[in-house]
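Tertiary structure, described
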Amino acid sequence: MVVGKKFVLVKNFVGEPKAEDVSLQDMELPPVNDGEILIEAEYLSVDPYMRPYSANLPPGTTMIGSQVGKIVESKNAAWPVGKRVVGNFGWVSHTVVNPDAPAAEQLLKIKPYLLPDMGDLPASLALGMLGMPGNTAYFGLLEICKPQAGETLVVSGAAGAVGSHVGQIGKILGLKVIGIAGTDEKCKWLVNELRFNHAINYKTENVEDALRKAAPNGVDCYFDNVGGELSSIVIHQMKDMGRISVCGSISSYNDNLVLGQGNVPKATIIQPAMVFHQLKMEGFIVLRWLNRWQEGIEKNLKWLKEGKLKYKETYTNGFENMFNAFVGMLKGENTGKAIVKV
């Protein structure tokens, strides 16, 4: 019998998630039956989407999330012991699963898959650039903004896993890229390492003035990770026929909007800019492109191997520190992808 660990939601978060809202518990795993495999987690992901999605989880539910794990027992010849698996198994240290079960029976309706050959690249990239965040950047920018070489792209939350990736794709495509982040160190990283044209520290600079200086002719594309007043400022500086890809609104996640609690944050209205500049604004969930999932992974892997994409990961060691890593990520303490290493 294998005894693992899991994080269970004790009560739905109200405001900033608190340690007492979750519980680290032991769990007894069932025996591995024919067709099943036992996976031991090696790397786990913490992502912004977990905050709003968890509002719909009933107390007692295991926290959701993806991980890279190693097969330690198998009764499925196609999934041999020693291979690594990527799956949405949640905040758990061990998982027994039938990987061949229909997608509808899997968490988030995404089937687990064997980690492909990544050469010298770390396996944890399957949770970042070569996983859901990478596909979020790839499809969210290309399919919604439809950028053209020479245009100006603004990315908020630019030093996070998705934002830093979006900006680099923009540079590959020949765009002028402006990132907005929360520390001088992050801004320097964006410009010096990732080749962003400009970076704005929204905590210390007047974003409206800084953006007007960096993009005097206006903004063509805006990849929005944060929402709120910051996004209103960017939208009011967009050109005619500008496009806005709404990936998230991390600035409001702790306001419990999904639960219908708390006060709706106030921000400057954007309708005048939307109307008079004839802007297109579209929100998305990356699972829309599940039928093209491998396309995004393969394209990002190609760019990585060509040296056109750079990655940065912020590691938290120890499964027991999952919650701390989660809260730190929501506060912007990570640069690049936030990863928990078991």
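A brief report on the enclosed structure follows. Everything numeric here is computed off the predicted structure, so don't read it as measured data. Position labels on residues start from 1 in each chain and follow its written sequence. Given that this is a predicted model, residues contribute local features only at a pLDDT of at least 70 and side-chain atom pairs are listed and counted only at 80 or more, while totals for whole chains, interfaces and linings are drawn from all residues. Side-chain numbers come from the whole structure's heavy atoms, not from hydrogens or water.

Let us look at the overall build of the chain. Broken down by element type, the chain carries nine helices and 15 strands. The quantity called the radius of gyration is restricted to C-alpha atoms. Its globule counterpart is 2.2 Å times the number of residues to the power 0.38. For the chain, the C-alpha radius of gyration of 20 Å lies close to 20 Å, the compact-globule estimate for 342 residues. Seen through its C-alpha atoms, the chain measures out along the principal axes to roughly 65 × 45 × 35 Å. Taking the intrachain contacts of the chain between residues at least 6 apart in sequence as the baseline, contacts between residues at least 24 apart amount to 68%. Only DSSP runs of H or I covering at least 4 residues are called helices, and only runs of E covering at least 2 are called strands; the numbering of each starts at the N terminus. When checking whether two residues touch, look at their non-hydrogen atoms; a contact exists if any pair is within 4.5 Å.

Categorising residues by exposure relies on relative accessible area from a 1.4 Å probe, with only protein chains included: less than 20% of the type maximum marks a residue as buried, more than 50% marks it as exposed, and the intermediate range marks it as partly exposed. Taken together, the buried positions of helix α5 (residues 207–214) are occupied by V207, A210, L211 and A214. Along the axis of α5, the buried positions cluster into a sector of 95°, meaning they face one direction only. Its buried side turned inward, α5 meets β8 (152–156), β9 (176–181), β10 (198–201), β11 (219–224) and α6 (228–235). Here a polar contact is recorded for every N or O atom pair within 3.5 Å, except that within protein the pair must consist of a potential hydrogen donor and a potential acceptor, and residues adjacent in sequence are included only if both atoms are side-chain atoms. One side-chain oxygen at the N-terminal end of α5 lies 3.1 Å from the backbone nitrogen of E208; it belongs to N206. Arc definition: directions from the helix axis to the C-beta atoms.

The subject of this paragraph is the packing of aromatic side chains. By convention, a stacked pair of Phe, Tyr or Trp rings (six-membered ring in the case of Trp) has centres within 6.5 Å and planes under 30 degrees apart, an edge-to-face pair has planes over 60 apart, and any other such pair is tilted. Following the criterion strictly, the structure yields twelve aromatic pairs and no others. Relative to F319, the ring of F7 lies with its centre 5.5 Å away and its plane at 55°, an arrangement referred to as tilted. Here F7, found in strand β1 (residues 3–9), pairs with F319, found in the loop between β14 (313–317) and α9 (322–330); they are 312 residues apart in sequence, far enough to count as distant. As far as burial versus exposure is concerned, F7 and F319 are alike and both buried. Seen from their ring centres, F323 and F326 are 6.4 Å apart, and the 55° between their planes marks the pair as tilted. Residue F323 and its partner F326 are located together in helix α9, separated by three residues, close to a single helical turn. Look at F326 and you get buried, because its relative accessible area is 0%.

The rule for a salt bridge is simple: a side-chain nitrogen of Lys or Arg has to be within 4 Å of a carboxyl oxygen of Asp or Glu. Applying the stated criterion across every chain, the model contains 13 salt bridges. By sharing partners, the salt bridges in this structure join E42, K70 and R84 into a single network.

The topology assignment puts D220 in strand β11. At a separation of 2.8 Å, a polar atom in the side chain of D220 contacts the main-chain amide nitrogen of T152. In contact with D220, not counting residues within four places along its chain, are E151, T152, M238, K239, G242 and R243.

A few words now on unusual backbone geometry. A positive phi angle, near 45°, is found at K146, a position not held by glycine. You can see K146 is positioned in the loop between α2 (132–145) and β8.

Now for the packing of α2 against helix α3 (residues 161–172). All axes here are fitted lines through C-alpha atoms, helices being fitted over the stretch that makes contact, and every angle between N-to-C directions spans 0 to 180 degrees. At a closest axis distance of 9 Å, the pairing of α2 and α3 adopts a crossing angle of 50°. Overall, the two elements α2 and α3 adopt an arrangement that is oblique. Crossing of α2 over α3 shows right-handed handedness. Judged by residue contacts, P133, G134, T136, A137, Y138, L141 and L142 of α2 engage A161, V162, H165, V166, I169 and G170 from α3. Its residues assigned to classes, the contact of α2 with α3 shows nine nonpolar, four polar and no charged. Oblique is the label for every angle not falling under 35 degrees (roughly parallel), over 145 degrees (roughly antiparallel), or within 65 to 115 degrees (roughly perpendicular). When the near helix sits turned anticlockwise from the far one by under a right angle, the crossing is termed left-handed; a clockwise turn instead gives a right-handed crossing. For this classification, the nonpolar set comprises Ala, Val, Leu, Ile, Met, Phe, Trp, Tyr, Cys and Pro, the charged set comprises Asp, Glu, Lys and Arg, and every other residue, Gly included, is treated as polar.

A few words on the sheet that holds β8. Pairing between strands requires that DSSP locate at least two bridges from one strand to the other. Pairing within the open sheet is parallel, and its six strands lie in the order β10-β9-β8-β11-β12-β13. A single partner strand is all that each edge strand has here, and the edge strands are β10 and β13 (280–283). Each strand axis lies, on average, 15° off the axis of its neighbour in the sheet, ignoring direction. Here α3 sits on the sheet in contact with β8, β9 and β11, set at roughly 170° to β8. With respect to the sheet, helix α4 (residues 184–192) is in contact with β9 and β10, its orientation differing from that of β10 by roughly 170°.

Moving on, we get to the packing of α2 against helix α8 (residues 293–305). Closest axis-to-axis distance for the α2/α8 pair is 9 Å, and the angle between their directions is 95°. As summarised for this structure, α2 and α8 are arranged roughly perpendicular, according to the angle between their axes. Here α2 contributes M132, G134, N135, Y138 and F139 to the contact with α8, which in turn contributes W293, E295, G296, I297, K299, N300 and W303. Residues of the contact of α2 with α8, tallied by class, amount to six nonpolar, four polar and two charged.

Quick look at α9 now. Of all nine residues that make up α9, eight are buried, and the element is covered over most of its length. Among the residues of α9, those classed as buried are M322, F323, A325, F326, V327, G328, M329 and L330. The secondary structure elements touched by the buried residues of α9 are β1, β2 (22–28), β3 (37–45), α1 (50–54), β14 and β15 (337–341). Following α9 by one or two positions, G332 adopts a phi angle in the positive range, close to 80°.

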